[in-house]
Amino acid sequence: MPYQPTRAYAREQDRKDPLRHYREQFYFPQHKGRDVLYFTGNSLGLQPKSAEDALKHELEHWKNHAVEGHFRGEMPWMEYHKFLQPQTAHVVGAKEEEVVVMNTLTTNLHLMMVSFYRPASGRFKIIMEAGAFPSDQYAVESQVRWHGYDPEQAIVEVAPRPGEDCLRTEDIIATIEQHGKEVALVMFGGVNYFTGQFFALKAIAEAAHKVGAYAGFDLAHAAGNVPLELHDWGADFAVWCSYKYLNSGPGGPSGVFVHERHGNNPELPRFAGWWGHDEKERFLMRKGFSPMKGAAGWQLSNAQVLSFAVHKASLDIFEQATMTALRAKSENLTGYLEFLVREINRENERFHILTPEDPGARGCQLSIYTHHEGKRLHNYLEAHGVISDWREDNLHGGEVEPGQAGVIRVAPVPLYNSFRDVFEFAALLKEYGKRKEG
Ligand SMILES: *Cc1c(COP(=O)(O)O)cnc(C)c1O
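Bear in mind that the values here come from a model prediction, so they are computed numbers and not experimental data.

Moving on to the pairing of strand β11 (residues 237–241). Where burial is concerned, most of β11 is hidden: five out of the five residues are buried. Here β11 shows no split at all, with Phe 237, Val 239 and Cys 241 on one side and Ala 238 and Trp 240 on the other all buried. Sheet topology places strand β10 (residues 214–218) next to β11; three bridges connect them, and they run parallel. Residue pairing for β11: Gly 216 is matched across the bridge by Phe 237. Note: β11 against strand β12 (residues 254–258), five bridges, orientation antiparallel. The partner of Phe 237 across the bridge, within β12, is Val 258.

As C-alpha cells, this is what we get:
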C-alpha cells in the first residue's frame, strides 16, 4: 500500500509492525506528561529498561564476591568480553573471533591505525571522506604527523561534486586508483554523520585492496543502523561506539573488528597490553607478548564490566529483534518520513533533503536542510516535545545569516520509533509553515 499522509494510516502501520513491542523496552524522556518525539538515537540511544538490572547484577556480584567475582557466577569478569562477542558479530557481519568490545571509539581508531597505518617507501597517503566526524579528522591528522608526514600531502579527502551533497562511489574509487601505490590506508565512515550517506563499503574495500592499501571503517553511525558484512566485504578493520544506535549509554564502550587474516597473524605490529596476551599464560606474568587470536589480541586492559553489562543488555535486544527485521522496518519508516517531507514541499519548497534517495545508500537518518527557517523552526519543534539535532549551515560558508540556514538531523530508529512519531513530527513541520504564512 502506498504511503498516506494521515494519522490513521500511521496508526495502522504501527498496528501491523512486528517490532512494535520493542518500544516498550525503552525509557522515553517526558514532555508535558507524554513521551517526547525522540529522533536523536543517532547521537545517544534511549535507555533500555533492562540496563538497570544488568548493572545492578554486576554491582551485587562485586558486593558479594569482591575479587572472586572474576571467577564466579555465570559471567565471571575474567571472561567478560566473550559474553558480548556473538551479538556483536551478528550486528556487524563478522565471525565471533573477529570482534571484541574494548575502550572507546577514538582510542580504538588510534590503536587500529598503529597496526594498519604504517607508512613506508612512498606509500603514505590516507584517503577519507571530506567532512568526516572531527574526532576522526584529528585522529588521522595526528597519526600522519606522528609518522613525520605533512597532513596536507598525506591526507586526501574525497568531496561531493559541485552542487551535490553526497559522494559518488565512482569518485571514491577513482581517487583511490589515482593515488594508487601511494595509498597506505583508505579510512571511511560507514554512514556519514552529517548527510546520513551509507557508503558502498564493499566496493571501497575492494578498490583499496586493488592498489595494495588497507581499508578501515568508522562505523559509529552504521553499527546497529545498517546491514553490515564486514567479514565478507573483506574490511581490514573497523571501529564503532555503542552509545548511538546501540543504546549502551553515555560514553559506552567501543567495538572493534579485525579481519581474521590479520587477527591470526601474531607478527602484525600493535600496541599491546596484558589483556591481549594469550589467556592461558596471562597470569604467569612473564616477559614476552604473545597475542590472543583474533581481535581479542588488541585488548589492552581488563573488561570495563559495569559499562559492558549495560552494553550487553542492549545487544541482547538486537540479538532478539535481528538486524534483518530492523532494517526492513527502518527502510519503511525512513521512507515514510521522506514521503511526508515531500508532501510538505509540494505546497512550498521549504526543505531540501541532503541524504541519498536510494534506501540502499542511507540508514535511518534524514538530514533536512532549511534555507530560512533554521534555528527558529528547531526551537519550535523543541517547544512541542521533539528532540532532534540542529547544525548550522557549514556548506555555504558566511553567505547566510547565522541560525537561518542549517540542517535538522532526524533519525527514526526502528527499535523504538513509530510511524506515529514520524507523522506527528511532520505535522509539526507543516504547522510551523502555516503559522508563518498566517
Ligand atoms: C560519535 C563519533 C565519534 C565519537 O568518538 P568517541 O571516541 O566515542 O567520543 C567519533 N567518530 C565518529 C564518526 C562518530 O560518529
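With that settled, consider the site of the ligand. Lining the immediate surroundings of the ligand are Leu 105, Thr 106, Phe 133, Ser 135, Asp 136, Asp 218, Ala 220, His 221, Tyr 243 and Lys 244. One of the side-chain N or O atoms of His 221 is found 3.3 Å from an oxygen atom in the ligand. Burial of the ligand by the protein amounts to 82% of the accessible area it has alone, namely 390 Å². Considering only residue class, the shell around the ligand consists of four nonpolar, three polar and three charged.

Right, let's talk about the domain arrangement of the protein chain for a bit. Entries for the protein chain in the domain assignment read domain 1 (7–42 + 323–437) and domain 2 (52–321). Between domain 1 and domain 2, the C-alpha centre-to-centre distance is 29 Å. Contact residues are listed per partner, giving 32 residues for domain 1 and 23 residues for domain 2. Across the domain 1 to domain 2 interface the summed buried area is about 2,300 Å²; carbon plus sulfur atoms make up 58%. The largest per-residue losses of area from domain 1 upon contact with domain 2 belong to Asn 42, Met 323 and Leu 354, which jointly make up 25% of the total buried on that side. In this structure, the connection of domain 1 to domain 2 is made through zero salt bridges.

Let's shift gears to the sheet that holds strand β6 (residues 99–102). The pairing of strands in a sheet comes from backbone hydrogen bonds and takes either a parallel or an antiparallel form. Spatially, seven strands are ordered β6-β12-β11-β10-β9-β7-β8 in an open sheet, and the strand pairing comes out mixed. Looking at which strands have only one partner, the edges of the open sheet turn out to be β6 and β8 (155–158). Pairwise comparison of adjacent strand axes, ignoring direction, gives a mean angle of 20° for this sheet. With four bridges joining them, β6 and β12 adopt antiparallel strand pairing. Residue pairing in the sheet places Val 101 in a bridge with Gly 255 of β12. Here helix α4 (residues 105–116) sits on the sheet and contacts β6, β7 (125–129), β9 (183–189), β10, β11 and β12; the angle it forms with β11, its principal contact strand, is near 170°. The sheet contacts of helix α8 (residues 201–210) involve β9 and β10, and relative to β10 the element is tilted by about 150°.

Cut-offs used in this document
Here, residues in each chain are numbered from 1, in the same order as that chain's written sequence. The predicted origin of the model limits local features to residues at a pLDDT of at least 70 and limits the giving and counting of side-chain atom pairs to 80 or more, whereas totals for whole chains, interfaces and linings rest on all residues. Side-chain figures throughout are based on the complete set of non-hydrogen atoms in the structure, without hydrogens or water. When accessible area is computed with a 1.4 Å probe and restricted to protein chains, residues below 20% of their type maximum are described as buried, those above 50% as exposed, and intermediate ones as partly exposed. Working definition: helices are DSSP H or I runs of at least four residues, strands are E runs of at least two. Numbering for both runs from the N terminus. Note on pairing: two strands pair once DSSP finds at least 2 bridges between them. Here a residue is considered near a molecule or strand provided that any single heavy atom belonging to it is located within 4 Å of it. Pairing of N or O atoms within 3.5 Å defines a polar contact, subject to two protein rules: one partner must be a possible hydrogen donor and the other a possible acceptor, and residues neighboring in sequence count only if both atoms are side-chain atoms. Each accessible area is a Shrake-Rupley result for a 1.4 Å probe, and residues are judged covered by the shown protein chains and nothing else. Residues are grouped as follows: nonpolar covers Ala, Val, Leu, Ile, Met, Phe, Trp, Tyr, Cys and Pro; charged covers Asp, Glu, Lys and Arg; every other residue, Gly included, is treated as polar. Throughout the structure description, domain borders are defined by an automatic or database domain assignment. Residues are treated as being in contact if the distance between any of their heavy atoms lies within 4.5 Å. By definition, the buried area sums, over both parts, the 1.4 Å-probe accessible area that each loses when the two are put together. Each salt bridge in this description consists of a side-chain nitrogen of Lys or Arg and a carboxyl oxygen of Asp or Glu lying within 4 Å of one another. Lines fitted to C-alpha atoms define the axes, with helix axes restricted to the stretch in contact, and inter-axis angles between N-to-C directions lie between 0 and 180 degrees.

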